[in-house]
Amino acid sequence: MKFKDLIKLANRQLFNRKWQALLPILSLVVGATTMTFALGAGFGVQSLFEKQLAAERAPRLLEIAPDPSSETESEKDRSEEPVPKYTDPSENKQAQEITATLEDLLLSDTDLKKAAKVSYVEEVSPMHSINMKYVTLEGTEEKYTPGTEPLFDSMELKMLAGEQADSSGKVVVTEAFVELETVGSPQNLVGKGMTLTYINGSGEEEQKEVTISGVRAAGIASTARIFIPYDLTVTIAKAQLQEGESLQPRRAAVRLQPDLNPDQREQVRDDLKATGFRVLDFAQDRDTVQRVGLYLTLAMAAFAGVVIFAALFGVANTMSMSVYERIRQIGLMKALGMSGGTVFLLFAMEGAFIGFWGAVIGIGIAYSISAFLLNPWLAEFFSDKGVDAAFQFVFPPEWILAIIVGLMAIAFLASTLPARRAAKANPIEALRYE
Amino acid sequence: MIETVNLTKTYNPKRTPYTAINNVSLSLEGGESIAIMGKSGSGKSTLMHLLAGLDSPSSGEIYVNGTNLAAMSNRELNTFRNHSVGFVFQAFYLMPYDTVFENVALPLRIRKSSEKEIETQVTEMLESVGLSDKRYVDTIDLSGGQKQRVSIARALVTNPQVVFADEPTGNLDSETGEEIENLLFRMQKDYKATIIVVTHDKDLAEKCDEIVALKDGQVVDKDDV
Ligand SMILES: Nc1ncnc2c1ncn2[C@@H]1O[C@H](COP(=O)(O)OP(=O)(O)OP(=O)(O)O)[C@@H](O)[C@H]1O
Ligand SMILES: [Mg+2]
């Protein structure tokens, strides 16, 4: 028998017995609905954080700072005295300790080298705080004081207009600038000149002319910020140094190798902490939430799994009944020359279609509830709270297809025992069956 | 064309052996109508199953057009039944929730005929048995006589060498039974098939070209039945 005809016949057989098949289909619907929701939530969390991350920071960047607490505190903990003993203040230990603590807050060259040796770390760039007095936009007199952030090449900002700055003569501004009266649309900002004014080491005002190369889309928070290329931040920081001072970074940006997985990033964070750094990392939140999302998804998937497992007994039972009720037809088909293998496939496919309908109806229910009820409601809920990126259920089509194929496959497997009985039936005995 | 040599069939050979066919040697002409006649329990159906390749003999040989069925594999037997044999059963054995068309098409679908072939052959068959107007009716909604017409169409649609009909009129009233008998004989001539009718009905057997009379699993003179 041609496979196409076999599929048609299996479907007709199922349809003729639709009321008998209803129960296992319904239980599979429950399983498939839960499974689809689990999937939608899992991918929803992921896509939410991807959106935010794209707007906020590159996943390949970590920020480190020295962690003075780690050593001093552990030393105190390790003190042999049960109760701290009095020591003479003339020994000036406290003063020493304070200078030591200040030193500890700075990143030395050795610190940076140590950080660079941690595995998966590609580059460590010291970050210098710069003090911007004010900035002015081309064409207006108004002075603004937005926040400043260093812009690294490995960052991938989500742009609203224009492009990411590629030379030190250019900067990127956040969406908040669009709301200025003189601007109107993001496109108007691109190419506009901007003057950065700061106080140099000799106490005089100094200015840098830059061009806005693009506007970054708002992430979760939409504060006014300017992303200044890293080289330019170094130049300004140097210019702000007073006589005899040298650059003293308190923080450094750590660029990781591309395409690390969450576990590898976790390892980098642990290694950096063990080396004596404090790690500030937006991606860490993402990894944590992603993990929580994963557990949630897994829990729902596990429930779905149990429901589906129970449903499989229903499928097997329904198919047993089907074979029993059709034993004479099986006898006839075999008498007419149908092979045992084809009979097997015919009944196993009938079972697979129980899985198919269970999956399709279940996915349909979960998808409709999400698309027409939950997602609009969630979008409104989050926008009321002033959050731009709302949590939404996300259903990647390839995974939806995987649920359908998966349920068909296990329903097929659940039907193999009855199908085997059908395949082995002796045609004469089957035909004689009353 | 159909030949058996010392054909024996013993049921339950180990525990309660019962020899339903005992040392039967036959030689039947092709293109004829043959009746297998005998009382209930004489072994008619058993012999028919053996000749049709539905059951395997305990000993002996069966030759259909020179090939020995007893030596065939399961697979070869499936092909043999699909290509060379047609069946008409007393209890019809149709797919009740499939249309008349699909029921007649079934053996062609099993042998993977093309859609075009199926369309033309089934249409022609339905015409021959007078069921063209019932083409899309589910067979469960047909009368007994109509059901047996569907079986006859299904048996002949593959152009088989032999059609086996086991008590084809057993479930029908005498008038309808005679109609079906006439249809069977007409189709046998039209399609030049051999037809083997299993019956305990002497009148039906008399209409056939040849009679094989069975008694206790052995061939006897037809007057001894
Ligand atoms: N599967 C089986 N196991 C054991 N004995 C069987 C089996 N099939 C048939 N028999 C026995 O073999 C004998 C012949 O049976 P068969 O069905 O061939 O008779 P029949 O001539 O067709 O009778 P009827 O006219 O009633 O259909 C009977 O005695 C029957 O009980
Ligand atoms: Mg019989």
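Computed from a predicted structure; not experimentally measured.

Residue and element names in this part refer to chain A. According to the stated counting rule, one finds 13 aromatic pairs over all chains in the structure shown. Judged by centre distance (5.0 Å) and plane angle (80°), the rings of Phe 356 and Trp 357 are edge-to-face. For Phe 356, a relative accessible area of 22% gives the class partly exposed. Exposure remark for Trp 357: the relative accessible area of 36% places this residue in the partly exposed category. Sitting over the ring of Phe 15, Lys 18 keeps its end group 4.2 Å from the ring centre. It is Lys 143 that lies over the ring of Tyr 134; its NZ or CZ is 4.6 Å from the centre.

Hydrogen bonds between backbone atoms are what pair the strands of a sheet, whose relative direction is either parallel or antiparallel. All names here are of chain B. Spatially, six strands are ordered β6-β7-β8-β3-β9-β10 in an open sheet, and the strand pairing comes out mixed. The sheet is open, and its two borders are formed by β6 (85-89) and β10 (218-220), each paired with just one other strand. Each adjacent strand pair in this sheet contributes to an overall mean axis angle of 25°, direction not counted. Pairing of strand β9 (residues 210-215) with β10, which is carried by three bridges, proceeds in the antiparallel orientation.

All names here are of chain B. Together, Lys 39, Lys 202, Lys 215 and Lys 222 give the surface a local cluster of positive charge. Mapped onto the elements, Lys 202 comes out in helix α7 (residues 202-206). With a relative accessible area of 40%, Lys 202 lands in the partly exposed category.

A:Phe347, B:Phe87, B:Phe164 and B:Ile196 are the most contacted members of the largest nonpolar core, which has 90 residues in total. Among the elements that make up this core, the one with the highest residue count is helix α11 (residues 340-384) of chain A (12 residues). Residue contacts for B:Phe164: discarding those within four places in its chain leaves B:Met48, B:Leu51, B:Ala52, B:Val85, B:Gly86, B:Phe87, B:Val88 and B:Ile196. B:Met37, B:Val150, B:Leu156 and B:Val197 belong to the second-largest nonpolar core, a separate cluster that totals 38 residues.

Cut-offs and rules
- Residues numbered from 1 in each chain as written.
- Chains lettered and ligands numbered in written order.
- Predicted model: local features only at pLDDT ≥ 70, side-chain atom pairs only at ≥ 80, totals over all residues.
- Heavy atoms only, no water.
- Phe/Tyr/Trp six-rings, centres within 6.5 Å; stacked < 30°, edge-to-face > 60°.
- Buried < 20%, exposed > 50% of the residue type's maximum accessible area, 1.4 Å probe, protein only.
- Lys NZ or Arg CZ within 6 Å of the ring centre and 35° of its normal.
- Pairing = 2+ DSSP bridges.
- Helix = DSSP H or I, 4+ residues; strand = E, 2+ residues; numbered from the N terminus.
- Axes fitted to C-alpha atoms, helices over the stretch in contact; angles between N-to-C directions.
- Patch = residues over 30% accessible without salt bridge, like charges linked within 9 Å, V, L, I, M, F, W, Y side chains within 5 Å.
- Areas by Shrake-Rupley, 256 points an atom, 1.4 Å probe, with all protein chains shown as cover.
- Salt bridge = Lys/Arg side-chain N within 4 Å of Asp/Glu carboxyl O.
- Lys, Arg positive; Asp, Glu negative; His and termini not counted.
- Charge placed at Lys NZ, Arg CZ, Asp CG, Glu CD.
- Core = buried A, V, L, I, M, F, W, Y, C linked by side-chain atoms within 4.5 Å.
- Contact = heavy atoms within 4.5 Å.

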